[in-house]
Amino acid sequence: MSRHRNIRNLDEDDYYDDDYYDDDEDAYYLEQQREQERKKKEEAERKAKENKLKQQKLQQQKLQQQKLKQQQLDDAKKKTTGGKGGGGVLVASAAPKSGGGEISLGKPPPGFTVESKKNDTATKNNNAQNMPIPQLPPNILASLRSNSTTGEVIRSHLSLVILGHVDAGKSTLTGRLLLSLNHVSQRLLQKYQKAATSIGKSSFALAWFTDEDDSERERGVTIDIGTKFAKTEKFDFTILDAPGHKDFIPNMISGTASADCGLLVVAATTGEFEAGFARGGDASYSGGQTREHIVLSRGLGVTQFVVAVNKLDAAEPAWCQERFEHIKSMVLDFLKQNGFKEARITFVPLSGLTGVNISNSDKVEDEDGWKALKKWYKGPTLLEALDGFSPAKRGYEKPLRAIVTDVSSEGKHVNVRGRVVQGFIQSGDNVVVLPVGDDANIVRVERGKAAQEGSSPYSFASPSPTTSSSTSNEAQLDGIALAGDTVELTLANIDSARLMTGCVICHPHPSLRPKVEQRFEARISIMERLAVPIIRGSSVLLHMHSIDVPAVLNKLISSEKRGDGKPRQNPRVLTGGVTATVEITLSERLVIEESNECKALGRFVLRRGGDTIAVGLIDKVLS
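Residues numbered from 1 in each chain as written. Predicted model: local features only at pLDDT ≥ 70, side-chain atom pairs only at ≥ 80, totals over all residues. Heavy atoms only, no water.

**Student:** Sorry if this is basic, but what is going on with the overall build of the protein chain here?
**Tutor:** Counting its secondary structure elements, the protein chain contains 13 helices and 23 strands. Expressed as a percentage of its 623 residues, the buried residues of the protein chain come to 46%. Look at the contacts in the protein chain between residues 6 or more apart in sequence, and 72% of them connect residues 24 or more apart. As displayed, the protein chain offers around 31900 Å² of accessible surface, 47% of which is attributable to carbon and sulfur atoms. (Helix = DSSP H or I, 4+ residues; strand = E, 2+ residues; numbered from the N terminus. Buried < 20%, exposed > 50% of the residue type's maximum accessible area, 1.4 Å probe, protein only. Contact = heavy atoms within 4.5 Å. Areas by Shrake-Rupley, 256 points an atom, 1.4 Å probe, with all protein chains shown as cover.)

This is the structure in structure tokens:
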């Protein structure tokens, strides 16, 4: 009998029937036991193979050692006499063959070892324990802690993710924003306009500033995260343009997991907003991504939003206040239902294509649109709203955690791109890469160059004059990357084959490393519209920062309906709209931490069959 028979048509109470699982529960868990035994056998074979290779390597080292000793012994014998014809003065006596010990051979050559593998490991651990714990330079730490408004503090850095339904105008709005800040040139825009017109997509020219892949430009759809850097009057932004299509939700999750705040773009045109904001299962629409993006972003730690009501110039009638207020009320209610505070949400009506209400300094392309909007709207422009964000709280003094998002090799060194999620990193640091456990040395640190050619966010021309004191503070950060920075690192003394997306760089001291485990206990929030309820043993795909791995919910500890306040112990099933405490087992060991220790390594999303089913927080890492 299928384990999911008529599972869509059963009520919740039907799952608590004691006879429901009797037919095949034993067979199911027997199959799981066999699978575990198979994995143990494969692991044992792998370890045996590794041990054999180690023994062969040790044998080769012993042979080399014996040859070297014999060669040095022969050289020592030749030097025991001097002069011609063997009549010289005795300088030293050779060591006797037995009972008298050996002559001193001096230090072994570089790279030569005479210790066993066990002693090597012990020495390595002792060296890591004896390494000094890194500390930020006092002048930089004082600048970070300062509340001065005179420009003498290091500028705050925020990661901004652009979210919204497909065709809401996210990439076009991002391109317009970069153009308004003078981070891209009019000459490049004219080049893109000509190329886009030649393939029949003239209105997509602004989107090409972030959609750089040929397939994205041909299809007119963002596929991967586009990363750009911008500098406003108050913040340095890393802009993450996320895809809006349902097929690319995993890429959207990867970008949102790195974000501090969000720019939610909703289209104001008739039909487009309704399609993007529709619930799944509605008769008229199959379900939009606006709702799912809001839920995912909140689960991944985004707490501040600017909601851009885009394409208001194409609404009926154009720049209609009633249409703006209708969209605002619907979106605001849903944001508050998902835990966002109204004080941290700002709504801005605008047009990304014409540039209306992007900034006050823009050249007017649509004078009539500006006049029509200003008749009733007295709020901030988009740039003013972005500068209204609260600075993110950074764990500068916490242990280093840097997540790798891209790897490339260059000669003897390895270049990696990623984000420092807490702590700091500087040139010359010794680090360890987890979960592989290999040591490396940091040769070069570049802030903000991970995805933009030629310049970092700290070299952009600021909209306002920069004081010499703030420039000197930025100069202090040469070769140093702080929590929140997007970085490019050059690593030495490590094989590029050992590095991959999702690796975590940290300090080698044992007390400063995160845990590498396979099981954890977590609190999850189930999506409202869950097609198939979750039962014990359900297989899912777990997404965390830039990786995804298969996982199994092997234990349902408790559940609670939202707003009910009555937890239910050991539930047999989890239905839509409930929160639960569960135990999850991953298919492989990962770098994970409790969410209160490190947000990036403690928040995750569960998906199944291409649908998001839950977001969660790690409460306890289990060994």
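**Student:** Can you help me understand helix 11 (residues 367–374) in this one?
**Tutor:** Along an α-helix, residues three or four apart share an orientation, since each turn contains 3.6 residues. Taken residue by residue, helix 11 has Gly369, Trp370 and Leu373 as its buried positions. Each buried residue of helix 11 lies within a common arc of 100° when the element is viewed along its axis, so the set occupies one face. Turned more than 90 degrees from where helix 11 packs its buried face, Asp368 and Lys371 sit exposed. Buried residues in helix 11 make contact with strand 6 (345–349). (Arc of directions from axis to C-beta.)

**Student:** Explanation requested: helix 9 (residues 289–299) in the structure shown.
**Tutor:** Taking burial as the measure, the eleven residues of helix 9 include ten buried ones, the bulk of the element. Of the residues making up helix 9, those classed as buried are Gln289, Thr290, Arg291, Glu292, His293, Ile294, Val295, Leu296, Ser297 and Gly299. One or two positions beyond helix 9, positive phi appears at glycine 301, with a value near 105°.

**Student:** Help me understand the sheet that holds strand 3 (residues 235–241), please; the structure alone is not making it clear to me.
**Tutor:** Paired through their backbone hydrogen bonds, the strands of a sheet run either parallel or antiparallel. What the six strands build is an open sheet, ordered 2-3-1-4-5-6; its pairing is mixed. Across the chains shown, the open sheet's two edge strands, defined by having one partner strand only, are strand 2 (226–231) and strand 6. Each strand of the sheet is rotated relative to its neighbour by a mean of 20°, with strand direction disregarded. Pairing of strand 4 (residues 261–267) with strand 5 (residues 305–310) involves six bridges; the strand directions are parallel. Across the sheet, alanine 267 pairs through a bridge with asparagine 310, a residue of strand 5. (Pairing = 2+ DSSP bridges. Axes fitted to C-alpha atoms, helices over the stretch in contact; angles between N-to-C directions.)

**Student:** Even after reading the chapter, I still don't get the sheet that holds strand 8 (residues 413–422), so can you show me in this structure?
**Tutor:** Pairing in this closed barrel of six strands is antiparallel, and the strands run 7-8-13-11-10-14 around the ring. Taking the axes of each pair of neighbouring strands and ignoring which way they run, one obtains an average angle of 45° across the sheet. Here strand 10 (residues 430–434) pairs with strand 11 (residues 438–447) via four bridges, running antiparallel. Paired with asparagine 430 across the bridge in strand 11 is asparagine 441.

**Student:** It is not clear to me how unusual backbone geometry should be interpreted in this structure. Could you clarify?
**Tutor:** Peptide bonds are trans in most cases, and residues, glycine excluded, mostly fall at negative phi. Cis geometry is adopted by the peptide bond preceding proline 317, which originates at glutamate 316 and carries an omega value of -5°. With respect to the element layout, proline 317 can be found in the loop between strand 5 and helix 10 (321–337). The backbone of histidine 545 shows a phi angle near 40°, a positive value even though the residue is not glycine.

**Student:** Sorry, what's going on with the pattern of salt bridges here?
**Tutor:** It is possible for side chains bearing opposite charge to pair when their charged atoms get close. This model, assessed by the stated rule, comprises 19 salt bridges. Among the salt bridges present, the one from arginine 323 reaches glutamate 274, with a minimum N-O distance of 3.1 Å. With a gap of 49 residues between them, arginine 323 in helix 10 and glutamate 274 in helix 8 (residues 272–277) connect regions that are remote in the sequence. A residue is classified by how much of its surface remains accessible, and arginine 323, at 13% relative accessible area, is buried. With a relative accessible area of 25%, glutamate 274 lands in the partly exposed category. Across the pair glutamate 446 and arginine 444 runs a salt bridge whose closest N-O atoms are separated by 3.9 Å. Through salt bridges with shared partners, one network takes in Arg417, Arg444, Glu446 and Glu488. (Salt bridge = Lys/Arg side-chain N within 4 Å of Asp/Glu carboxyl O.)

**Student:** How should I be thinking about the packing of helix 7 (residues 249–256) against helix 9 in this particular structure?
**Tutor:** Packed helix pairs are characterised by how far apart their axes lie and by the angle those axes make with each other. In contact at an axis separation of 10 Å, helix 7 and helix 9 are set at 35° when each is read in the N-to-C sense. The interaxial crossing formed by helix 7 with helix 9 has right-handed handedness. Contacts between helix 7 and helix 9 pair Ile249, Met252, Ile253 and Thr256 from the former with Gln289, Glu292, His293, Leu296 and Ser297 from the latter. (Left-handed = near helix turned anticlockwise from the far one by under 90°.)

**Student:** Before we go on, may I ask you to explain the environment of isoleucine 480 in this structure?
**Tutor:** The topology assignment puts isoleucine 480 in strand 12 (residues 480–482). Sequence separation between isoleucine 480 and isoleucine 425 is 55 residues, and the spatial gap between their C-alpha atoms is 5.8 Å.

**Student:** Just to check I follow, could you spell out the side chain of glutamate 521 for this structure?
**Tutor:** Secondary-structure assignment places glutamate 521 in strand 15 (residues 515–526). Within the buried core, glutamate 521 has no salt-bridge partner, and the shortest N-O distance to an opposite charge, that of lysine 620, equals 4.5 Å. (Lys, Arg positive; Asp, Glu negative; His and termini not counted.)

**Student:** I keep staring at the environment of threonine 354 and nothing clicks. Help me out?
**Tutor:** Here threonine 354 lies in the loop between strand 6 and helix 11. What threonine 354 contacts, discounting residues up to four positions off in sequence, is Arg176, Asp313, Glu365 and Asp366. A polar contact of 2.9 Å, which involves the side chain of threonine 354, links it to the side chain of serine 351. (Polar contact = N/O pair within 3.5 Å; in protein donor to acceptor, adjacent residues only side chain to side chain.)

**Student:** How do you make sense of the pairing of strand 8 when you look at a structure like this?
**Tutor:** Walk down a regular strand and you will see the side chains alternate between the two sheet faces. In terms of residue burial, strand 8 counts as a mostly covered element, since seven of its ten residues are buried. Bridge count for strand 7 (residues 401–410) against strand 8 is nine bridges, and the pairing is antiparallel. Directly across from arginine 401, in strand 8, lies its bridge partner glutamine 422. Between strand 7 and strand 8, which pair antiparallel one after the other, the connecting turn spans two residues, and glycine 411 there sits at a positive phi close to 65°. Here strand 8 pairs with strand 13 (residues 486–492) via six bridges, running antiparallel. Within strand 13, the residue paired with glycine 418 across the bridge is valine 487.

**Student:** Explanation requested: the packing of aromatic side chains in the structure shown.
**Tutor:** One pair of aromatic rings is described through two measures. These are the centre distance and the angle between the planes. A complete count under the given rule lists ten aromatic pairs for this structure. Centroid distance phenylalanine 235 to phenylalanine 237: 5.7 Å. Interplanar angle 65°. Geometry classified as edge-to-face. Residue phenylalanine 235 is classed as buried on the basis of its relative accessible area, which comes to 0%. Under the relative-accessibility criterion, phenylalanine 237 is labelled buried at 1%. Centre to centre, the rings of tryptophan 376 and tyrosine 377 are 6.1 Å apart; their planes meet at 70°, and the pair counts as edge-to-face. Connected via pairs of aromatic rings, a cluster forms that spans Tyr192, Trp208 and Phe209. Across from the ring centre of phenylalanine 334, 4.7 Å away, lies the NZ or CZ of arginine 291, which sits over that ring. (Phe/Tyr/Trp six-rings, centres within 6.5 Å; stacked < 30°, edge-to-face > 60°. Lys NZ or Arg CZ within 6 Å of the ring centre and 35° of its normal.)

**Student:** Sorry, what's going on with the pairing of strand 11 here?
**Tutor:** Between strand 10 and strand 11, which pair antiparallel one after the other, the connecting turn spans three residues, and glycine 437 there sits at a positive phi close to 85°. The pairing of strand 11 with strand 13 spans six bridges and is antiparallel. Paired with arginine 444 across the two strands is threonine 490, which belongs to strand 13.

**Student:** I keep staring at a negative patch on the surface and nothing clicks. Help me out?
**Tutor:** A cluster of like negative charges, contributed by Asp213, Asp214, Glu218 and Asp224, occupies part of the molecular surface. Tracing the chain through its elements places aspartate 214 in helix 6 (residues 214–219). Note on aspartate 214: relative accessible area 55%, which makes it exposed. (Patch = residues over 30% accessible without salt bridge, like charges linked within 9 Å, V, L, I, M, F, W, Y side chains within 5 Å. Charge placed at Lys NZ, Arg CZ, Asp CG, Glu CD.)

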